[in-house]
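Understanding the architecture of this molecule
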Amino acid sequence: MGRPVYVAAAVQVAAPPEQVFALITDWPRHQEWMFLTTAHRAGPDTIEAYTGVRPFGFVDTMTITHWRPPALVRVEHTGRIVRGRGAIRVLPRAGGSRVVWAEELWPPFGLLGRAVWPIARLVSVAFARRSLRKLAVLAERDRS
């Protein structure tokens, strides 16, 4: 299986941690801020997300492994394409919150996946940053 790969991004949000965490964990609202992604709770501790434009995309199934509102949610990605661990941490900061999103993933497709990871990482970080910026705008708008 090789070694995992990592991706992370962060953003400052002018909204309190409780509000930001509630927005992050409102799974149906993911489509409002997470790039090309819809999500829903599939069970008490499971989430199912679809990333892409149908029919070109993939299902990302996740199990919630750690739940500590309003500070932390950790998941285990259990899908066919996305496997590994992810965490979103919400830290209190003066004037609001800092959101840190980090993923430790096993690249799909064996050696091919590992070979294209340097490019895939750049795209993943860009999408994560874009998503977090949209999250910040949404949380700040919801605060008003």
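Residues numbered from 1 in each chain as written. Predicted model: local features only at pLDDT ≥ 70, side-chain atom pairs only at ≥ 80, totals over all residues. Heavy atoms only, no water.

Let's shift gears to the overall build of the protein chain. For the protein chain, the helix and strand inventory stands at 3 helices and 7 strands. Over its C-alpha atoms the protein chain spans a radius of gyration of 15 Å, differing by no more than 12% from the 15 Å that the globule rule assigns to 144 residues. Expressed as lengths along the three principal axes of its C-alpha atoms, the size of the protein chain is roughly 45 × 30 × 30 Å. Expressed as a percentage of its 144 residues, the buried residues of the protein chain come to 38%. (Helix = DSSP H or I, 4+ residues; strand = E, 2+ residues; numbered from the N terminus. Rg over C-alpha atoms; globule rule 2.2 N^0.38 Å. Buried < 20%, exposed > 50% of the residue type's maximum accessible area, 1.4 Å probe, protein only.)

Once that is clear, we can look at the packing of aromatic side chains. Counting across every chain of the model gives 3 aromatic pairs. Aromatic pair F21 and W67: ring centres 5.3 Å apart, planes at 65°, arrangement edge-to-face. Here F21 is found in helix α1 (residues 17-24), whereas its partner W67 is found in strand β4 (residues 56-68), with 46 residues between them in sequence. One residue, R54, lies across the ring of Y50, its end atom 3.6 Å from the ring centre. (Phe/Tyr/Trp six-rings, centres within 6.5 Å; stacked < 30°, edge-to-face > 60°. Lys NZ or Arg CZ within 6 Å of the ring centre and 35° of its normal.)

Here we take up the nonpolar core. With 28 residues, the main nonpolar core has V13, V20, I24, W33, V99 and L132 as its most contacted residues. Elements supplying a minimum of two residues to this core: β1 (5-13), α1, β3 (46-53), β4, β5 (72-78), β6 (83-93), β7 (96-106) and α3 (110-143). It is α3 that provides the largest number of residues to this core, a total of 6 residues. If we skip the residues at most four places from it in the chain, V13 touches V20, G95, G96, S97, V99, A136, A139 and E140. (Core = buried A, V, L, I, M, F, W, Y, C linked by side-chain atoms within 4.5 Å. Contact = heavy atoms within 4.5 Å.)

With that settled, consider the pairing of strand β2 (residues 37-43). Two faces, one strand: in a regular strand the side chains alternate between the faces of the sheet. Pairing of β2 with β3 involves 6 bridges; the strand directions are antiparallel. Paired with G43 across the two strands is T46, which belongs to β3. Hairpin connection, β2 to β3: the antiparallel pair is bridged by 2 residues. (Pairing = 2+ DSSP bridges.)

Our focus in this paragraph is the sheet that holds β3. Spatial strand order, β1-β7-β6-β5-β4-β3-β2: 7 strands in an open sheet with antiparallel pairing. Each edge of the open sheet is held by one strand with a lone partner, namely β1 and β2. Neighbour-to-neighbour, the strand axes of this sheet turn through a mean angle of 20°, independent of strand direction. Pairing analysis gives 8 bridges linking β3 to β4, with the strands arranged antiparallel. Of the residues in β4, the one forming a bridge with E48 is T61. (Axes fitted to C-alpha atoms, helices over the stretch in contact; angles between N-to-C directions.)

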